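Reading the structure
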Amino acid sequence: MPATLSRRIEGLKASSTVAFAGRAKELARQGVNVISMTAGEPDFLPPQHVLDAAREAIDLGLTKYTPSEGTAELREAVAAKFQRENGIAYAPDQVMVSNGGKQVLYNGFLSVLDPGDEVVLVAPYWVSYPAQIELAGGVPVVVRAPAETGFVPDLADVRAAITPRTKVLLVNSPSNPTGAVYPPELVRGFAELAEEHDLWLFTDDLYEHLVYDGEFVTAASYAPERTLLVHGASKGYAMTGWRIGFGAGPKKLVQAMNRLQGQSTSGANAVAQHATVAALTEVEKTAAFQRMTRAAYVERRDVLVEGLNRLGLSTPKPQGAFYVMADSSAIDPDEERAAIRLLDEARVAVVPGTDFLAPGRLRFSYATSLDNVKAALERIGRLIG
Ligand SMILES: Cc1ncc(COP(=O)(O)O)c(C=O)c1O
């Protein structure tokens, strides 16, 4: 037998976000002053009480394996969070902890998809969705949300995408990469479609705490018995590198995901789990941190959106997350060429929309300082002339 790679992995693309961020970092390493707006992560440190709890975990000797599904303390804290903030009553055994929301989602797809099963999702989408679905043997079926509606999909299009092979509807609001926040009636509409067609509903709520206008409502609140709620510490708690995600859903599904995790990665990092308990239970301190970060993001978003629209890189004003999907045509109608020009000539790094299924669009992340946002706009202004 030749030493070949699997067909599964041959078909897997590397993430373009990582590729452009890497190119920007390489230039920076060579001493070039690049403003990077590629980041998919908060530029803030986690709150002090989380840092303190991590130190405490080491002092307490929490250095051993944890249960595969996560520590009892953290699963209780997660269940309490869903009750307090989302009004959903999960028993601790309906909750599991993974290495990031990414793994929660992947556990979920691997647990429900058979070869050829379809997942309906909205584009522009986060690049890992189709990759994970395909790795699990499924087929992504895309509903396009246009810029004119602020990248909010039409429920009739979602309904039209459902076939006898559909197994999962996927909702991500606030969205990466568009920042769109779906109105509650649309979120409810997804849940009703899932009920009507007897589908799983996956809701990726990673950006719940980064909503600036409008209201956050999780799809899980409308149909908890058929929904996998995907969440984690990365975005709202500024803990990306700590790799803590949590999922909640019907016991049958969570148990299946836990069986899978037990044979693949086991439990998440023990120190980070202890720190996440602090993030979820020291409610007032965490709320103050989230108010502070939200205010900073709102200020940056407003400056960026106004500046890009003034320069002709038109964009709707996103209501959440920390991304803007701007039209690239003032630089180049081809988004890859536009991103390369921005990097090579203006020294501003962004991610082309190609892999998000957003042709002619560039993703700007404003998870960077207000000064950087302003300086980037000046550089783009000089490039366009
Ligand atoms: C939409 C979305 N979901 C999930 C994740 C996964 O985050 P993590 O694995 O860090 O929890 C990300 C991270 O970029 C994301 O943007």
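Calculation criteria
Residues numbered from 1 in each chain as written. Predicted model: local features only at pLDDT ≥ 70, side-chain atom pairs only at ≥ 80, totals over all residues. Heavy atoms only, no water. Phe/Tyr/Trp six-rings, centres within 6.5 Å; stacked < 30°, edge-to-face > 60°. Helix = DSSP H or I, 4+ residues; strand = E, 2+ residues; numbered from the N terminus. Buried < 20%, exposed > 50% of the residue type's maximum accessible area, 1.4 Å probe, protein only. Pairing = 2+ DSSP bridges. Axes fitted to C-alpha atoms, helices over the stretch in contact; angles between N-to-C directions. Contact = heavy atoms within 4.5 Å. 1 Å grid on protein atoms, 1.4 Å probe; cavity = no way out; pocket = protein on both sides within 12 Å on 5 of 7 lines; lining within 4 Å. Points joined across faces, edges and corners; volume = space filled by probe spheres on them. Nonpolar A, V, L, I, M, F, W, Y, C, P; charged D, E, K, R; others polar. Domains from an automatic or database assignment. Buried area = accessible area lost by both parts, 1.4 Å probe. Salt bridge = Lys/Arg side-chain N within 4 Å of Asp/Glu carboxyl O.

1. Concerning the packing of aromatic side chains
Under the criterion given, the structure shown has 12 aromatic pairs. Between tyrosine 297 and phenylalanine 322, the ring centres sit 5.4 Å apart and the planes meet at 45 degrees, which makes this aromatic pair tilted. Remark: phenylalanine 322 occurs in the loop between helix H11 (283-311) and strand E9 (323-327) and tyrosine 297 occurs in helix H11; sequence separation between them is 25 residues. Judged on exposure class, the residue tyrosine 297 and its partner phenylalanine 322 are both buried. Pairwise contacts between aromatic rings join Phe44, Tyr207, Tyr212, Tyr297, Phe322, Tyr323 and Tyr366 into one cluster.

2. Here's the deal with the sheet that holds strand E4 (residues 139-144)
Spatially, E2-E8-E7-E6-E5-E3-E4 is the arrangement adopted by the 7 strands of the open sheet, whose pairing is mixed. Either end of the sheet is taken by a strand with one partner, and the two such strands are strand E2 (95-98) and E4. Geometrically, the sheet is characterised by an average inter-axis angle of 25 degrees between neighbouring strands, direction not taken into account. By the bridge criterion, 6 bridges tie strand E3 (residues 118-123) to E4 in an arrangement that is parallel. Counterpart to valine 120 in the pairing with E4 is valine 141. Across the sheet, helix H9 (residues 251-264) is in contact with E2, strand E6 (200-204), strand E7 (227-232) and strand E8 (245-248); its angle to E2 comes to roughly 30 degrees.

3. Things to note about empty space enclosed by the protein
A full pass over the atoms with the stated rule returns 2 cavities of 30 Å³ or more. Elements with a contribution of two residues or more to the lining of the largest cavity: E3 and strand E5 (166-172). Element by element, the count of residues in the lining of the largest cavity is highest for E5, at 3 residues. Among the residues making up the lining of the largest cavity, the classes are represented as 9 nonpolar, 3 polar and no charged. For the lining of the second largest cavity, the residue count by class is 4 nonpolar, 4 polar and 1 charged.

4. Comments concerning the domain arrangement of the protein
Parsing the protein into structural domains produces domain 1 (7-45 + 286-384) and domain 2 (48-282). Relative to domain 2, the C-alpha centre of domain 1 lies at a distance of 24 Å. Between domain 1 and domain 2, the residue contacts involve 32 residues of the former and 35 residues of the latter. Taken together, the two surfaces of domain 1 and domain 2 that pack against each other cover about 2,900 Å², and 62% of this comes from carbon and sulfur. Of all residues in domain 1, Thr286, Gln319 and Leu357 bury the most surface against domain 2, accounting for 22% of the area lost on that side. Note that aspartate 213 and arginine 301 form a salt bridge whose closest N and O atoms lie 2.7 Å from each other.

5. Concerning the layout of surface pockets
The space that makes up the second largest pocket amounts to roughly 170 Å³. If you tally residues by element for the lining of the second largest pocket, the top one is helix H10 (residues 270-281), at 4 residues. A breakdown of the residues in the lining of the second largest pocket according to their chemical character gives 4 nonpolar, 6 polar and 2 charged.

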